[in-house]
Amino acid sequence: MIQFQNTLAFARELDQQDELSKYRNEFHFPKVNGKDVIYFTGNSLGLQPKSAQKFVDDIMKDWKELAVEGHFYAEKPWWDYHERFAKPLSKIVGALPEEVTVMNTLTVNLHLLMVSFYRPTEKRFKIICEEKAFPSDQYMLASQVRFHGLDPKEVLVEVKKRDGENYWRTEDVLKTIEETGDELALVLMGGVNYYNGQVFDMETITKAAKDIGANVGWDLAHGAGNIELKLHDWDVDFAAWCSYKYMNSGPGNVSGVFINQKHLNKKDIPRFEGWWGHDKERRFLMEPEFIPMANAEAWHLSNAAVIAMAPYLASLEMFDEIGMEKLIAKRNLITSYLEFVLGEIAKEVDSSFEIITPSNPKERACQLSVFLHGEGRALFDYLMESGVITDWREPNVIRLAPVPLYCSFEDMYNFGQLLKAGIQKKN
Ligand SMILES: *Cc1c(COP(=O)(O)O)cnc(C)c1O
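Since this is a predicted model, take the numbers as computed values, not measurements.

As a further point, take the packing of aromatic side chains. Applying the stated criterion across every chain, the model contains 24 aromatic pairs. Ring centres of Phe29 and Tyr406 lie 6.1 Å apart, and the angle between their planes is 90°; this geometry places the pair in the edge-to-face category. Taken together, the residues span a long stretch of sequence, with Phe29 in the loop between β1 (27-28) and β2 (31-32) and Tyr406 in the loop between β17 (397-400) and α13 (409-426) at a distance of 377 residues. We classify Phe29 as buried; its relative accessible area is 11%.

See below:
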């Protein structure tokens, strides 16, 4: 274990030893007061890779010069543009290429996947999720339940945090699964909680739920491109994630989905269908009967939104080049360094910051959520004016995501100094 120091020289030394430091140059940083910002909100919207522009321009050019012919004769033909995602994405989420594809947006995909994997019966109808899930997930779940003519109050079982504790205990999730027993139809939770940054033990939870015969899905909005995933080996039924957070694909962009191999090529699976899910060899014969693709693309509805997908593909190339292992190694180091810096600053200003993200490295990833006791919104405003982009959640939590692809150790040191100045200014 390295002995950290809260000095500029030490932070710079870590940057020098960092194999990934050169990737910072591959991104556009917003500027405040003429300087690149310290960007802590890659968990909300990742920075723009410099290569993204060209990928979009290529499509605009092909459209201009080839028009409809671009579907087949563009350099990257549009009709199967999405196929380029399966292989690199499958490595990121730990899947077989046929289990992964990109389509629609996250909440839309969760709805579509619920159609297939939430099939309540009189006996088995309950859904386990975490308390205070991301609002869109809550609306999605409740509306799906009502769609089946059921009452969300009777169906949704929320796993709660214990009084006075900041994160969920795996044992409490397992206990809830056990207690729900054979009434449990589905577990659908966020793999990484958006608020406190907690990483759930997906392997253990999935196994427990599968063992009693339930389906398991994970919302990986904060997981994809951030943590190690083995969706296939863990025997997860389905998962979906947005691409604009850690995967840097651009605002509101397309979502990735995982559907376990065992659910592919099944005739009897209920699914909402459209022409892009039809067998591609016969797609343009425009036959009345639906013949599904043999892979996750069977769930596609519409032809690919290629202009939107282009920046995602650009970003994926970078992920593919680096690999998750190196990203995760740097993520662990930089998150620990940020935690250390926060601790040092707290001592210097005689204040206390309560980190509500688990301190166990296995239960956290690229995010520290910090309760700024006694500090108000003014501190947040000061940080923003000083070029630190973070986000604020009421009552006074800031979420800090030191994204390993483009954040530096020097950023962490500088942030500490700005935080100190902001607190001292008030006092
Ligand atoms: C970001 C996020 C979403 C956003 O969904 P969209 O459909 O892409 O707007 C949904 N769920 C979770 C858990 C998220 O973190």
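Below, the discussion takes up the environment of Phe27. Take Phe27: it is sitting in strand β1. In sequence terms Phe27 and Asp163 are 136 residues apart; their C-alpha atoms lie 42 Å from each other. Once residues within four sequence positions are removed from consideration, Phe27 is found in contact with Leu47, Gln48, Pro49, Lys50, Asn248, Met318, Leu405 and Tyr406.

So, about the side chain of His82. Topologically, His82 is positioned in the loop between α3 (70-73) and α4 (83-93). If near-sequence neighbours (up to four positions away) are discounted, His82 is found in contact with Thr101, Val102, Trp276, Glu297, His300, Ala304 and Met309.

Much of the literature gives interface size as the accessible area that the parts lose upon coming together. Split into domains, the protein chain comes out as domain 1 (8-36 + 323-426) and domain 2 (54-322). Using C-alpha coordinates to define each centre, domain 1 is positioned 30 Å away from domain 2. Between domain 1 and domain 2, the residue contacts involve 31 residues of the former and 22 residues of the latter. Approximately 2,200 Å² of surface area, both sides summed, lies buried where domain 1 meets domain 2, with 57% of it carried by carbon and sulfur atoms. Across the contact surface, domain 1 and domain 2 share 0 salt bridges. Taken together, domain 1 and domain 2 are joined by 12 residue pairs in polar contact (both at pLDDT 80 or more). At the level of secondary structure, the elements contributing two or more residues to the side of domain 1 that touches domain 2 comprise α11 (324-349) and β17. With 5 residues, the top contributor of residues to the side of domain 1 that touches domain 2 is α11.

Moving on to the site of the ligand. The ligand sits among Leu106, Thr107, Phe134, Asp137, Asp219, Ala221, His222, Cys242, Tyr244 and Lys245. Thr107 is positioned with one of its side-chain polar atoms (N or O) 2.6 Å from an oxygen atom of the ligand. Here a nitrogen atom of the ligand and a side-chain polar atom of Asp137 are 2.7 Å apart. The fraction of the free accessible surface of the ligand (390 Å²) that becomes covered by protein chains is 84%.

Here, the residues flagged by UniProt with the feature "binding site: pyridoxal 5'-phosphate" (unreviewed entry) are Leu106, Thr107, Phe134, Pro135, Ser136, Asp137, Asp219, His222, Tyr244, Trp275 and Asn303. These annotated residues cover 198 residues of sequence, and their C-alpha atoms reach 31.4 Å apart at the extremes, leaving them scattered rather than at a single site. Among the residues just listed, Asp137 line the second largest cavity. With respect to the helices and strands, Asp219 occurs in strand β10 (residues 215-219). Setting aside chain neighbours within four positions, we find Asp219 in contact with Leu106, Leu110, Asp137, Leu188, Met189, Gly190, Gly191 and Ala240. For His222, a relative accessible area of 4% puts it in the buried group. In contact with His222, other than residues within four places in its own chain, are Asn43, Val192, Tyr194, Lys245, Tyr246, Gln367 and Arg399.

Membership of the largest hydrophobic core comes to 103 residues, with the highest contact counts inside it found for Trp218, Trp241, Tyr337, Leu405 and Phe415. The residues that make up this core include at least three from each of domain 1 (8-36 + 323-426) and domain 2 (54-322). Core analysis: the second largest hydrophobic core is formed by 30 residues, Ile127, Val145, Val155 and Ile259 among them.

Our next topic: the UniProt feature "modified residue: N6-(pyridoxal phosphate)lysine" (unreviewed entry) in the protein chain. As recorded in UniProt, the sites labelled "modified residue: N6-(pyridoxal phosphate)lysine" (unreviewed entry) are Lys245. One can find Lys245 in the loop between β11 (238-242) and β12 (255-259). On the accessibility criterion, Lys245 (8% relative accessible area) is buried.

Those residues of helix α1 (residues 8-17) not exposed but buried are Phe10, Ala11, Leu14 and Asp15. For α1, the angular spread of buried residues about the axis comes to 145°, placing them on one side. In α1, the exposed residues that point more than 90 degrees away from the buried face are Ala9, Gln16 and Gln17. The inward-facing, buried residues of α1 abut α11 and α13.

Cut-off values and rules
- Residues numbered from 1 in each chain as written.
- Predicted model: local features only at pLDDT ≥ 70, side-chain atom pairs only at ≥ 80, totals over all residues.
- Heavy atoms only, no water.
- Phe/Tyr/Trp six-rings, centres within 6.5 Å; stacked < 30°, edge-to-face > 60°.
- Helix = DSSP H or I, 4+ residues; strand = E, 2+ residues; numbered from the N terminus.
- Buried < 20%, exposed > 50% of the residue type's maximum accessible area, 1.4 Å probe, protein only.
- Contact = heavy atoms within 4.5 Å.
- Domains from an automatic or database assignment.
- Buried area = accessible area lost by both parts, 1.4 Å probe.
- Salt bridge = Lys/Arg side-chain N within 4 Å of Asp/Glu carboxyl O.
- Polar contact = N/O pair within 3.5 Å; in protein donor to acceptor, adjacent residues only side chain to side chain.
- Near = heavy atom within 4 Å.
- Areas by Shrake-Rupley, 256 points an atom, 1.4 Å probe, with all protein chains shown as cover.
- UniProt positions renumbered as here; feature names shortened; annotations may be inferred.
- 1 Å grid on protein atoms, 1.4 Å probe; cavity = no way out; pocket = protein on both sides within 12 Å on 5 of 7 lines; lining within 4 Å.
- Core = buried A, V, L, I, M, F, W, Y, C linked by side-chain atoms within 4.5 Å.
- Arc of directions from axis to C-beta.

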